[in-house]
Amino acid sequence: MTMNYSIDPSAATLLPLAKKEGIATVWDRHKAMQPQCGFGQLGVCCRICWKGPCRIDPFGDGPQRGICGADADTIVARNVIRMIASGTAAHSEHGRHVALAMLGVAEGKLPDYTIRDEEKLRAVAAKLGLDTTGKDLHDIAGEVALVTLGDFQNQDHDKPCRWIASTLTEKRLERLAGLHALPHNIDAMVTQILARTHVGCDADATNLIVGGIKGALADFDGMCLATELSDILFGTPQPTVTAANLGVLKEDAVNIAVHGHNPLLSEVVCDVAVLMEEEARRAGAGGGINIVGVCCTGNEVMVRHGIPLAANYLSQELALITGAVDAMVVDVQCIMPSVSEIGACFHTEIITTMDDNKIPGATHVPFREPTAAENARQIVTLAIDAFRRRNPQRVVIPDAKQTAVVGFGAEAIVGALGALNADDPLKPLIDSIANGNIRGIALFAGCNNTQTTQDSSFVTMAKKLARNNVLLLATGCGAGAFAKHGLMTQEATLEYAGDSLKAVLTAVGTEAGLGGPLPLVLHMGSCVDNSRAVAVAVAVANRLGVDLDQLPLVASAPEAMSEKAVAIGTWSVALGIPTHVGTMPQITGSPAVTKLLTETAKELLGGYFMVELDPDKAADRLLAVIDERRRGLGI
Ligand code: XCC
């Protein structure tokens, strides 16, 4: 039974244990929820006002309009763009938080943070069009932060957000401007979606979806700035060897899991933990302090510092069931509220840190940037105290741990390619695509979802695409899946890559000093780091003088779940990227919206959604799209 839930070997060890101990997990709750509401699945349930809830009869026998008169198209379109607004808000709050921290650093107000990547700061300033001559580092950081915060404040509708305008290809910007889809202000886009979907407002499904696309592009803007400013503050990822899955927990160490998304907290926890090793040893932890990651906080510290990744989204509860996690420190997003209940079954401290993200039953340590190190010390102290209460009899650490070579941001990829051609680093990649050694590029992103067997679709699709010489990039919980299943290793390249892909990865990896091929799947970071893949694609497109919708580039979220994934998928389509979704999106109750997103989008934007639940068939469809794009380029 376990195998239907997950292909993760940790689940095979820990789910029977959970059952024996009477601990409910996400999969038990999924089962208890069956059958799920069919109206909700189709997106035709409207709860926008209190005359409802209303639902449209998908069989055509019952009501075809809600009480106010909204039909299925209006209801579905409103529902889906509200998801985009929430996803955009989530990423952009994260981005704003980082931008404000950077301003604080520039103003000398945040002693626990610094500028770790001066070169990147200068590169970002130049990209944003700032003149930095004669200015010191802090002045440049201040200007970059203010310009960035301008993307949350600009009221001039004709002036698009600065980050998006300085990131995309000219052709893409023109195309989006022609559709009135270029955002001018991130916050305004979220507000506008909520306003236009209020009862009695926008009822035109097409107009609503265009508004959603604009909102999703604001999400992209927020992700770009969150990623780049985080690199400036915490370092730009470079290839590093680490490990993944619950076997990274240590019996003899204080295990602290950092979970959520925002690196502002986890970075300082990592720094402080190093200084508190001795205290941990005094408490009996011979192995000191072992920080491990969960979800995207995990990805952030993994790609920057090689901190091992314990779990992706669906495995977060399993981490606690090992009985070996002393503290799970969470910030924002993708944290199951159930963690406090499961933590309470053990000695585990669940520590919330953000005042607008609390969980009943958890210990709250309010995190403030000006006192970051002090807050982190409080957190690590709680973890050490919890370690003293740990019951060694209940510790079950699965024998599941895979090596993972991670840290392939845009700079690292270009750097590795530069080892082959220092004067023109993109040339080896472009040549390999042109001669077919690399058939295309696929970006895997997105969550885990209980609607499908955990990690399975990611692994199935990746193996098939790699065999067909597709270069694979990954972020988010998809990257977590690949790391846990050993696909971010040189061995995986040798085992699964098609011959020509293997030759390219071996040439680049060897020249770049990795002592062998690049890993089969390149870990680019967390969900906000999807912008890194776009940076590479834009560089290639600009070099070729084409737009993004001409490149043999596809995206896939085989186990999508969150509202953030809806926002990401939508901007991916808006940028011209054919985007596969492997779980059923809640839109099919409206044939008009479904057609718009899966067919008409192709004419308007070049990108479009493809829904295919079978991973094997999905890989075939992506290969067909890649070939179609290749034919378009005449290669
Ligand atoms: Fe959340 Fe980023 Fe999804 Fe994972 S992939 S379940 S959104 S942690 Ni972004």
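Note that this is a predicted model, so its numbers are computed, not measured. (Residues numbered from 1 in each chain as written. Predicted model: local features only at pLDDT ≥ 70, side-chain atom pairs only at ≥ 80, totals over all residues. Heavy atoms only, no water.)

1. So, the overall build of the protein chain
Heads up, the condition is: Where helices and strands are cited, they refer to DSSP runs of H or I of at least four residues and of E of at least two residues respectively, numbered from the N terminus. For this measure, only C-alpha atoms enter the radius of gyration; the expected value for a globule follows 2.2 Å times N^0.38, where N is the number of residues. In this analysis, two residues are considered to be in contact whenever any of their non-hydrogen atoms come within 4.5 Å of each other. Surface accessibility follows the Shrake-Rupley procedure with a 1.4 Å probe radius. Residue values consider only the protein chains on display as shielding. We treat Lys and Arg as the positive residues and Asp and Glu as the negative residues; His and chain ends play no part in the count. Here the site of a charge means atom NZ of a Lys, CZ of an Arg, CG of an Asp or CD of a Glu.
Each helix and strand in the protein chain was counted, giving 27 helices and 16 strands. Against the 2.2 N^0.38 benchmark of 26 Å for 635 residues, the protein chain shows a C-alpha radius of gyration of 24 Å, consistent with a compact globule. Projecting the C-alpha coordinates of the protein chain onto the three principal axes gives extents of approximately 65 × 65 × 50 Å. Of the contacts formed within the protein chain by residues at least 6 apart in sequence, a portion of 76% connects residues at least 24 apart. Carbon and sulfur atoms provide 53% of the accessible area of the protein chain, an area that totals close to 23100 Å². In the protein chain, 53 positive and 70 negative side-chain charges are present, and the distance between their average locations comes to 4 Å.

2. Focus on the coordination of the nickel atom of the ligand
The expected angle between donors at a tetrahedral four-coordinate metal is 109.5 degrees. At an octahedral six-coordinate metal it is 90 or 180 degrees. Spelled out, the test is: Distances define the donors: N, O and S atoms within 2.8 Å of the metal qualify, as do those within 3.2 Å of Na, K or Ca. Water is excluded, so some sites may look unfinished.
No other protein atom reaches the nickel atom of the ligand as a donor apart from C527 (SG), found 1.8 Å away. Within the secondary structure, C527 is located in the loop between β13 (521–525) and α24 (530–544).

3. Quick look at the domain arrangement of the protein chain
For clarity, the threshold we go by: Where each domain begins and ends is defined by an automated method or by a domain database. Here the buried area means the combined drop in accessible surface, using a 1.4 Å probe, for two parts upon being joined, counting both sides. Every case where a carboxyl oxygen of Asp or Glu lies within 4 Å of a side-chain nitrogen of Lys or Arg is listed as a salt bridge. A 3.5 Å cut-off defines polar contacts: any pair of N or O atoms within that distance qualifies, except that in protein one atom must be a possible hydrogen donor and the other a possible acceptor, and neighbouring residues in sequence count only when both atoms are side-chain atoms.
Split by domain assignment, the protein chain resolves into domain 1 (72–234), domain 2 (246–394) and domain 3 (405–633). The C-alpha-based centres of domain 1 and domain 2 are spaced at 30 Å. The junction of domain 1 with domain 2 conceals about 1400 Å² of combined surface from both sides, 55% of it contributed by carbon and sulfur atoms. Our count for the domain 1 to domain 2 interface comes out at 3 salt bridges. For D271, the salt bridge goes to R116, with nearest N and O atoms at 3.2 Å. Here domain 1 and domain 2 share 9 residue pairs in polar contact (both at pLDDT 80 or more) between them. If you list the elements that add at least two residues to the side of domain 1 that touches domain 2, you get α5 (72–106) and α11 (205–234). With 6 residues, α5 is the single largest residue contributor to the side of domain 1 that touches domain 2.

4. Concerning the site of the ligand
We apply this condition: Note on definitions. A residue lies near a molecule or strand when any single heavy atom of the residue is within 4 Å of it.
Taken together, H261, C295, C296, Y313, C334, G446, C447, C477, C527, M561, S562 and K564 are the residues near the ligand. Counting only domains with at least three residues in the shell around the ligand, you end up with domain 2 (246–394) and domain 3 (405–633).

5. Observations regarding the packing of aromatic side chains
In plain terms, the rule: Each Phe, Tyr or Trp ring, with Trp reduced to its six-membered ring, pairs with another whose centre is within 6.5 Å; inter-plane angles below 30 degrees give stacked pairs, above 60 give edge-to-face pairs, and intermediate values give tilted ones. For every residue, the accessible area obtained with a 1.4 Å probe (protein chains only) is divided by the maximum for its type, and the residue is called buried under 20%, exposed over 50%, and partly exposed between those limits. Think of it as a cone above the ring: NZ of Lys or CZ of Arg counts as a charge over the ring if it is within 6 Å of the ring centre and within 35 degrees of the ring normal.
Under the definition given, this model contains 6 aromatic pairs. Geometrically, the ring pair formed by F220 and W571 is tilted, given 4.8 Å between the ring centres and 55° between the ring planes. Taken together, the residues F220 in helix α11 and W571 in helix α25 (residues 563–574) connect sequence positions 351 residues apart. On the accessibility criterion, F220 (0% relative accessible area) is buried. A cation over an aromatic ring shows up here: R55 above the ring of F39, its NZ or CZ 5.2 Å from the ring centre.

6. Brief notes about the packing of helix α20 (residues 456–467) against helix α21 (residues 476–484)
Here is the rule: Comment: axis = line fitted to C-alpha atoms, over the contacting stretch for helices; angle = value between 0 and 180 degrees taken between N-to-C directions. Put simply, angles under 35 degrees are roughly parallel, angles over 145 are roughly antiparallel, angles from 65 to 115 are roughly perpendicular, and the rest are oblique. Classification used: nonpolar for Ala, Val, Leu, Ile, Met, Phe, Trp, Tyr, Cys and Pro, charged for Asp, Glu, Lys and Arg, polar for all others including Gly.
Two numbers describe how α20 lies on α21: the axes approach to 9 Å, and their chain directions differ by 75°. Taken together, the axes of α20 and α21 lie roughly perpendicular to each other. In this structure, α20 uses F458, V459 and A462 to contact α21, whose residues at the interface are G478, A481 and F482. Taken together, the residues that form the contact of α20 with α21 break down as 5 nonpolar, 1 polar and no charged.

7. Considerations on the environment of A386
Looking at where A386 falls in the secondary structure, it is placed in helix α17 (residues 372–389). Taking relative accessible area as the criterion, A386 reaches 0% and is therefore assigned buried.

8. Topic: the sheet that holds strand β15 (residues 579–581)
The condition that has to hold: Two strands qualify as a pair provided DSSP detects at least 2 bridges between them.
Spatially, 6 strands are ordered β13-β12-β11-β14-β15-β16 in an open sheet, and the strand pairing comes out parallel. Single-partner strands in this sheet number two, and they are β13 and β16 (609–611). On average, each strand axis in the sheet is inclined to that of its neighbour by 25°, with strand direction left out of account. Sheet topology places strand β11 (residues 440–444) next to strand β14 (residues 553–557); 4 bridges connect them, and they run parallel. The residue of β14 that forms the bridge with A442 is V554. Across the sheet, helix α27 (residues 615–633) lies against β11, β12 (470–475), β14, β15 and β16, angled at about 160° from β14, the strand it touches most.

9. Looking at the pattern of salt bridges
Considering all chains together, one arrives at 35 salt bridges under this definition. A salt bridge links E228 to K120; the nearest nitrogen and oxygen atoms lie 3.2 Å apart. With E228 in helix α11 and K120 in helix α6 (residues 118–127), this residue pair connects regions lying 108 residues apart in the sequence. For the pair shown, E228 and K120 are each scored as buried. Here K120 and E411 are joined by a salt bridge, their closest N and O atoms 2.6 Å apart. Of this pair, K120 sits in helix α6 while E411 sits in helix α18 (residues 410–418), placing them 291 residues apart in sequence. What you see here is one network of salt bridges that share partners, running through K120, E228, D231, E300, R304, E411, D529 and R532.

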